[in-house]
Amino acid sequence: MSISDPKIGSTDTTAANGRAVLQNFAVPPTLPEPGSSTPAPSVGPRSISDRELALVQVCTDFICSCAALPLALLLLSMLSSVATNSLHVFRSNVTSDSLLPLCVVVAMALGGTYRVTHRRLQPSAFLEVRDLSFGVGSGCVLALAIGAFLHAAIHMTEPIATQLVFAVIVSVVVISLGRIVTRYFLHALTTTRVLVVGSGKLANRIMMSVRQDPGMTLVGRAVEGTESESGTLGGVADLPRLCQELGVHRVLVAAPGNISDEALNTYRRLQESIHIAMIPEYFELVSWRSRLTDLAGMPFLEIARPHLSVWDQFMKRVFDLCISSFFLALTSPLFLVIAIAIKLTSPGPVFFRQTRLGRGQLPFTITKFRTMTVGTEMTHPSFLEEESDDDPSLPLHQVRKKSDETMRITKIGAFLRKTSIDEIPQFINVFRGDMSVVGPRPFIPSESGVIGWGTRRFDVRPGITGLWQVSGRNDLTRTDLVQLDYLYVASWSLWWDLKIMWDTPKTMARGTGAY
């Protein structure tokens, strides 16, 4: 049900009307009275506390470290010809290096790794690699220091630095895999209950993203100020009560602007027990390369300068050649299978070709697997012109009338679109230099009506995947599309490309925004 569904009706701050709205969010009617200490009723997967999450992560990291140590020593014995690394002394090596798992957990705890995880909206194994590398590396240094001290004090066998350094590499991989598996089960068994504060398009986009995340449950929306809106649970003053009654774990605030003293005091009280995240003003300029700093105790968010040097473009092209060559070789047998399936299910060519705009707005021919019956492809009108009659707040699948294509999609085409397999032939475009693995969405000529800062998207080659593709695709608006493409180009880094590639399979599996 949409948040603006007329069935929800209007809401004030009274407990009676509040409960009426809460019922529309699948919350049982027997809620505790305001101020009651009775815990919120369980709805679906239960939530997990910070302490429980920290305990799970500590146990996961320790178990994975214990498994990684003998695995590393076993691999080292196969790769090294040094006698001290051979299988004949495997047991003694495990004993002398046994401090590593405990030291890894201690080092990461001292470094605040487990505290930072609680604050992340969407924990990612990819983003955790750098923290894990630092934590496991620090654990290695700690293990060597303690081992040297024990060797001098009680003549205990001193750990071998080469073995521990190799164990660091293996431990980072094993712990990352362990966290992925643990997070999968946590998403199945638990949930983070989220309350959104704000109104307008930004709040709607936040709620859409929360609904798409399997680890989150949207419990409702509140508004700033004293007057409530249709379909909301109340105002900022009601947050303590709402969070208690609904068992809220996290509050997401959409660009608060000027916060009143009363609202500020409410958030101060709330942050003692609830995680609060706020989208900053001018968020359209903020990227993950922006950094938080301070001036005499006042926090400042440094905006990353648009930067895409000749060296950056060279690295990106080399990266594209390596990935496209490898992927084309890997998927070549799949090409044959899909080609046969397309031919058997509908008459016509295997590939669909269309003119798109590339770097510098130069046209090129894009190649995809054909998903529609021949002769029924639609030429979409421009939906990016400022004078377009389309509502800019509508999602692209409505503006581009994606639902009208349903009857023209072939049986195998529906599967190819849902899984994004129809995009695979674009690696040919990447190899030829027309496209990039990661980049802005490739526009058709009628969609070229971006002006001003939006034209920065044409500074790079369009991509098979990109920031827009992993952020919601056709569920987003045309304004979101232009803004995300600009943000990607203005804040490009190879690490961000790798992060987007990491998120792409997950987005494909969910079918997010695929029509």
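Residues numbered from 1 in each chain as written. Predicted model: local features only at pLDDT ≥ 70, side-chain atom pairs only at ≥ 80, totals over all residues. Heavy atoms only, no water.

1. Quick word on the environment of Val-194
- Position of Val-194 among the secondary structure elements: in strand β1 (residues 192–197).
- Using a relative accessible area of 0% as the deciding quantity, one classes Val-194 as buried.
- Taking C-alpha positions, Val-194 is 9.0 Å from Arg-221, a pair spaced 27 residues apart along the chain.
- Once you skip the residues sitting within four places of it in the chain, Val-194 turns out to touch Val-210, Met-216, Thr-217, Leu-218, Val-219, Gly-220, Arg-250 and Leu-252. (Helix = DSSP H or I, 4+ residues; strand = E, 2+ residues; numbered from the N terminus. Buried < 20%, exposed > 50% of the residue type's maximum accessible area, 1.4 Å probe, protein only. Contact = heavy atoms within 4.5 Å.)

2. Concerning the sheet that holds strand β3 (residues 250–253)
- The 4 strands lie next to each other as β2-β1-β3-β4, forming an open sheet whose pairing is parallel. The sheet is open, and its two borders are formed by β2 (216–222) and β4 (275–278), each paired with just one other strand. Averaged over all adjacent pairs, the angle separating strand axes in this sheet is 25°, with direction ignored.
- Looking at chain direction, β1 and β2 are connected through 6 bridges and run parallel. Counterpart to Val-194 in the pairing with β2 is Leu-218. (Pairing = 2+ DSSP bridges. Axes fitted to C-alpha atoms, helices over the stretch in contact; angles between N-to-C directions.)

3. Quick notes on the pairing of strand β5 (residues 291–295)
- Burial runs low along β5: only 0 of the 5 residues are buried.
- Alignment of β5 against strand β6 (residues 298–302), held across 5 bridges, turns out to be antiparallel. If you follow Leu-295 over to β6, its bridge partner there is Met-298.
- Once β5 ends, the chain turns through 2 residues before running back antiparallel as β6, passing Ala-296 with a positive phi of about 50°.

4. Quick notes on helix α6 (residues 125–154)
- Of all bends in α6, the biggest is about 30°, found at Asp-131.
- Buried within α6 are the following residues: Ala-125, Phe-126, Glu-128, Leu-132, Gly-135, Val-136, Gly-139, Cys-140, Ala-143 and Gly-147.
- His-155 occupies a position one or two residues after α6 and carries a positive phi of about 60°. (Bend = angle between axes of the 7 residues up to and from the residue.)

5. Side note on the packing of aromatic side chains
- Counted under the stated rule, the structure contains 10 aromatic pairs.
- Plain terms: the ring middles of Phe-443 and Phe-458 are 6.3 Å apart, the flat faces sit at 75° to each other, and that makes the pair edge-to-face. Of this pair, Phe-443 sits in the loop between β9 (436–438) and β10 (463–465) while Phe-458 is found in the loop between β9 and β10, placing the two residues 15 residues apart along the sequence. No difference in accessibility class separates Phe-443 from Phe-458, as the two residues are buried.
- Aromatic ring contacts, followed pair by pair, group Phe-126, Trp-495 and Trp-502 into a single cluster. (Phe/Tyr/Trp six-rings, centres within 6.5 Å; stacked < 30°, edge-to-face > 60°.)

6. So, the nonpolar core
- Counting 27 residues, the largest nonpolar core has Met-435, Leu-467, Tyr-488 and Ile-500 as its most contacted members.
- Among the elements of the structure, β8 (363–369), α14 (426–432), β9, α15 (478–490) and α16 (494–510) are those that each provide at least two residues to this core.
- Top contributing element to this core by residue count: α15, with 6 residues.
- Beyond its immediate stretch of four places on either side in the chain, Tyr-488 contacts Lys-316, Val-438, Gly-439, Pro-440, Leu-467, Trp-496, Asp-497 and Ile-500.
- Membership of the second largest hydrophobic core comes to 24 residues, among which are Leu-76, Leu-132, Cys-140 and Ala-143. (Core = buried A, V, L, I, M, F, W, Y, C linked by side-chain atoms within 4.5 Å.)

7. Here's the deal with the side chain of Thr-504
- Summarising the element assignment, Thr-504 is placed in helix α16.
- A polar side-chain atom of Thr-504 sits 2.7 Å from the main-chain carbonyl oxygen of Ile-500.
- Non-local contacts of Thr-504, meaning those with residues more than four positions away in its chain, are made with Thr-465 and Val-470. (Polar contact = N/O pair within 3.5 Å; in protein donor to acceptor, adjacent residues only side chain to side chain.)

8. With respect to the pattern of salt bridges
- The tally for this structure, following the rule as stated, stands at 13 salt bridges.
- When the shortest N-O distance is used, the salt bridge between Asp-503 and Lys-506 registers 3.9 Å. Here Asp-503 pairs with Lys-506, and both are found in helix α16, just 3 residues apart, close to one helical turn.
- Each of Asp-61, Glu-128, Arg-179 and Arg-183 takes part in a single network of salt bridges with overlapping partners. (Salt bridge = Lys/Arg side-chain N within 4 Å of Asp/Glu carboxyl O.)

9. Observations regarding a nonpolar patch on the surface
- Together, Leu-71, Leu-74, Leu-75, Met-78, Leu-79 and Leu-87 give the surface a local cluster of nonpolar side chains, amounting to about 580 Å² of exposed area.
- Following the sequence through the fold, Leu-75 ends up in helix α2 (residues 50–79). (Patch = residues over 30% accessible without salt bridge, like charges linked within 9 Å, V, L, I, M, F, W, Y side chains within 5 Å. Areas by Shrake-Rupley, 256 points an atom, 1.4 Å probe, with all protein chains shown as cover.)

10. Considering unusual backbone geometry
- Of note in the backbone geometry, His-155 takes a positive phi value of approximately 60° without being a glycine.
- Note that His-155 resides in the loop between α6 and α7 (161–189).
- One non-glycine residue with positive phi stands out, namely Ala-296, at about 50°.
- Relative to the assigned elements, Ala-296 resides in the loop between β5 and β6.

11. Let's talk about the confidence of the model for the protein
- Per-residue confidence for the protein gives a mean pLDDT of 80; residues scoring 70 or more make up 81%.
- Here helix α1 (residues 15–23) stands out as the element of the protein with the lowest mean pLDDT, 39, in contrast to α14, whose mean of 95 is the highest.
- Scored below 50 in pLDDT, residues 1–43 shows 75 contacts in the model against residues more than four places distant or in partner chains.
- Long-range and interchain partners of residues 385–389, a stretch whose pLDDT sits below 50, account for 6 contacts in this model, where long-range means more than four residues apart. (pLDDT = per-residue confidence, 0-100.)

12. A short note on the packing of α6 against α16
- At a minimum axis distance of 9 Å, the contact between α6 and α16 shows a crossing angle of 135°. Classified by the interaxial angle, the pair formed by α6 and α16 is oblique. Contacts between α6 and α16 pair Ala-125, Phe-126, Leu-127 and Arg-130 from the former with Trp-495, Leu-498, Lys-499 and Trp-502 from the latter.
- Residue classes in the contact of α6 with α16 are distributed as 6 nonpolar, no polar and 2 charged. (Parallel < 35°, antiparallel > 145°, perpendicular 65-115°, else oblique. Nonpolar A, V, L, I, M, F, W, Y, C, P; charged D, E, K, R; others polar.)

13. Here we look at the environment of Cys-243
- Within the fold, Cys-243 resides in helix α9 (residues 239–246).
- Separated by 49 residues in the primary sequence, Cys-243 and Val-194 have C-alpha atoms spaced 9.2 Å apart.

14. Some details on helix α13 (residues 411–419)
- Where α13 is concerned, the buried positions are Ile-412, Gly-413, Leu-416 and Arg-417. Seen from one end, α13 has its buried residues packed into an arc of 135°, which puts them on one side.
- Buried residues belonging to α13 abut α11 (310–345) and β8.
- Backbone geometry just after α13 places Ser-420 at a positive phi near 65°. (Arc of directions from axis to C-beta.)

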